[in-house]
Amino acid sequence: MTEPTPGPRPRAALAMSPDVASAVLDDESLAALAALCDLAPLPVLDDLTTARARTVLAGVDLLVTGWGCPPLDADVLRSAPRLRAVVHTAGSVRGHVTDACWDRGIEVSSAAAANALPVAEYTLAMILLTGKRALESARDYRASRVRPDWLRTPRSVGNHRRTVGILSASLIGRRVIDLLRPHDVDVLLYDPYVDDAGAKELGVERVQLPELFRHSDTVSVHTPLLPGTRGLVGRALIDSMRPDAVLINTARGAVVDQDALTDAALAGRIRAVLDVTDPEVLPPAHPLWSCDNVLLTPHLAGSQGNEWRRLADLAVAETARWVSGEGFLHPVRRERLAFLA
């Protein structure tokens with residue numbers, strides 16, 4: 001019995017900013033993609049309206065996208081009649097996958113699962129460091145050059161039986177819950193889409209939003225920015241937090257009422273770790289820059305440096321599955337968009 005004749009190799013192209021391509025996709029990743037598809041030669045497509053872009057798009061079956069990919073709107077899709085799939089090397093696809101893609105039935109994959117791990121690792125580190133008041137102790141130690149009497153440490157310092165509130169069992173929120181399991185903390189969860197059975201499976205206590213803020217020593221925000229979540233963490237919730245509680249935000253700045261947070265932090269009532277703000281970057285004169293109760297980091301929780309390799313590896317693996325007909329392991333579904341970042 002003769003083997004079936006294989007079909008033609010799919011044609012693929014890279015659509016993202018050139019800087020993103022050089023950062024995320026090294027020579028080994030590009031070679032792996034080229035072994036699976038007929039990969040259009042560089043430079044990458046970062047403007048889909050040029051004559052070269054239209055020529056490349058006319059023959060592609062698959063687009064490997066990244067940060068800086070222009071929207072794949074109806075006009076672009078008319079230039080790409082064969083396009084059947086998009087493999088995204090980052091998390092959210094909202095910036096470039098449009099209704100026209102879903103209407104055509106284009107399959108979409110995202111590397112959100114790979115990007116969730118470093119965000120969860122950052123969050124875990126900040127939960128533990130703020131529980132020990134490590135940042136404040138380091139600042140005071142540097143100023144005094146005197147080691148404090150550790151036997152006089154207040155009992156509020158430390159991570160034993162600390163209560164951590166997770167706002168949203170998103171992809172990242174679930175990874176944070178997983179990473180917290182070995183630690184001696186109690187975990188509360190607010191997520192309107194998780195029932196008691198789901199909370200039990202996650203090993204957390206499901207609570208309502210006000211209770212999460214009232215009873216947590218640390219609240220970590222992992223909800224995506226959607227019309228219904230803008231300003232979700234408002235003044236009443238922030239004002240209800242325990243004295244010296246910590247608010248960690250690695251999601252989107254606009255989920256939190258920044259004015260209310262600023263007032264509470266300046267008053268010394270709460271502490272905060274903000275990897276995101278609204279806007280990014282804050283104006284130079286904004287009081288959060290000089291607030292001792294707030295740590296500002298430059299949106300660094302997500303994949304950076306050697307962590308980009310996870311994004312590339314996932315994209316290559318998803319491409320291999322699609323080429324073989326297995327289907328994506330990390331598909332993005334149109335019906336789930338209302339719940340995704």
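Residues numbered from 1 in each chain as written. Predicted model: local features only at pLDDT ≥ 70, side-chain atom pairs only at ≥ 80, totals over all residues. Heavy atoms only, no water.

A. Inspection of the packing of helix α2 (residues 27-36) against helix α13 (residues 308-324) at higher detail. At a minimum axis distance of 10 Å, the contact between α2 and α13 shows a crossing angle of 5 degrees. Judged by the angle between their axes, α2 and α13 are roughly parallel. Contacts between α2 and α13 involve E28, S29, A32, L33 and L36 from the former and R309, A312, V316, T319, A320 and V323 from the latter. (Axes fitted to C-alpha atoms, helices over the stretch in contact; angles between N-to-C directions. Helix = DSSP H or I, 4+ residues; strand = E, 2+ residues; numbered from the N terminus. Parallel < 35°, antiparallel > 145°, perpendicular 65-115°, else oblique. Contact = heavy atoms within 4.5 Å.)

B. Quick peek at the confidence of the model for the protein. On average, residues of the protein score 95 in pLDDT, and 98% of them reach the 70 mark or higher. Contacts from residues 1-5, a stretch scored under 50 in pLDDT, to residues over four places away or in other chains number zero contacts. (pLDDT = per-residue confidence, 0-100.)

C. Expanded view of the sheet that holds strand β4 (residues 85-88). Strand order in the open sheet formed by five strands is β2-β1-β3-β4-β5, with parallel pairing between adjacent strands. The strands lining the two open edges of the sheet, one partner per strand, are β2 (38-39) and β5 (107-110). Both strand β1 (residues 11-15) and β2 contribute to a ladder of two bridges, which runs parallel. Looking at the pairing, A12 lines up with L39 of β2. (Pairing = 2+ DSSP bridges.)

D. Molecular detail of the domain arrangement of the protein. Parsing the protein into structural domains produces domain 1 (11-105 + 305-336) and domain 2 (116-296). Computed from C-alpha atoms alone, the centre-to-centre distance between domain 1 and domain 2 is 35 Å. (Domains from an automatic or database assignment.)

E. Spatial organisation of the UniProt feature "domain: D-isomer specific 2-hydroxyacid dehydrogenase catalytic" (unreviewed entry) in the protein. The positions that UniProt labels "domain: D-isomer specific 2-hydroxyacid dehydrogenase catalytic" (unreviewed entry) are, in the present scheme, residues 43-326. Helix makes up 37% of residues 43-326 and strand 15%, whereas the separation of the span's terminal C-alpha atoms amounts to 30 Å. (UniProt positions renumbered as here; feature names shortened; annotations may be inferred.)

F. Quick peek at the pairing of strand β3 (residues 62-65). Here β3 shows no split at all, with L62 and V64 on one side and L63 and T65 on the other all buried. In this sheet, β4 lies alongside β3 in parallel orientation, the contact comprising four bridges. Residue L62 lies in a different strand from β4, and its bridge partner there is A85. (Buried < 20%, exposed > 50% of the residue type's maximum accessible area, 1.4 Å probe, protein only.)

G. Geometry of the sheet that holds strand β11 (residues 270-274). Taken in spatial order, the seven strands of this open sheet run β8-β7-β6-β9-β10-β11-β12, and their pairing is parallel. Across the chains shown, the open sheet's two edge strands, defined by having one partner strand only, are β8 (205-206) and β12 (294-296). Pairing of strand β10 (residues 245-249) with β11 involves five bridges; the strand directions are parallel. Of the residues in β11, the one forming a bridge with I248 is V273. Contacts from helix α12 (residues 258-266) reach β10, β11 and β12 within the one sheet, and its direction differs from that of β11 by about 130 degrees.

H. Layout of the nonpolar core. With 29 residues, the main nonpolar core has L167, L212, F213, V233, I238, L247 and L261 as its most contacted residues. Mapped onto this core, the elements with two or more residues apiece are β7 (185-190), α10 (209-215), β9 (218-221), α11 (235-239), β10, α12 and β11. With four residues, the top contributor of residues to this core is α12. Every residue in contact with I238, bar those within four places of it in the chain, is listed here: V233, V256, D257, A260, L261, A264, R269 and I270. Formed by 25 residues, the second largest nonpolar core is a distinct cluster that contains L48, A80, L83 and W102. (Core = buried A, V, L, I, M, F, W, Y, C linked by side-chain atoms within 4.5 Å.)

I. A look at the side chain of T223. Within the element layout of this structure, T223 appears in the loop between β9 and α11. The exposure class of T223 is buried, given its relative accessible area of 8%. Not counting chain neighbours up to four residues away, the residues in contact with T223 comprise L167, S168, T229, L232, A251 and V255.

J. Main features of the pattern of salt bridges. As enumerated under the stated definition, the model contains 24 salt bridges in all. A salt bridge links R139 to D140; the shortest N-O distance between them is 3.5 Å. The class for D140 is partly exposed, based on a relative accessible area of 43%. Overlapping salt bridges bring together D26, E28, R309 and D313 as one network. (Salt bridge = Lys/Arg side-chain N within 4 Å of Asp/Glu carboxyl O.)

K. Just the packing of helix α6 (residues 112-131) against helix α8 (residues 171-180), in detail. Between α6 and α8, the shortest axis-to-axis distance is 8 Å and the interhelical angle comes to 50 degrees. Taken together, α6 and α8 sit at an angle that is classed as oblique. In terms of crossing hand, the pair formed by α6 and α8 is right-handed. In contact with A112, A113, A116, L117, V119, A120, E121, T123, L124 and I127 of α6, α8 contributes L171, I172, R175, V176, L179 and L180. Here the residues of the contact of α6 with α8 are counted per class, giving 13 nonpolar, one polar and two charged. (Left-handed = near helix turned anticlockwise from the far one by under 90°. Nonpolar A, V, L, I, M, F, W, Y, C, P; charged D, E, K, R; others polar.)

L. Focus on unusual backbone geometry. A cis geometry characterises the amide bond from D278 onward to P279, with omega recorded as 5 degrees. In this fold, P279 is placed in the loop between β11 and β12. Following E280, the chain continues into V281 via a peptide bond in cis, with omega recorded as 10 degrees. Following the sequence through the fold, V281 ends up in the loop between β11 and β12. If you check the backbone angles, D244 has positive phi at about 70 degrees while not being a glycine. Judged by relative accessible area, D244 falls into the partly exposed class, the value being 29%.

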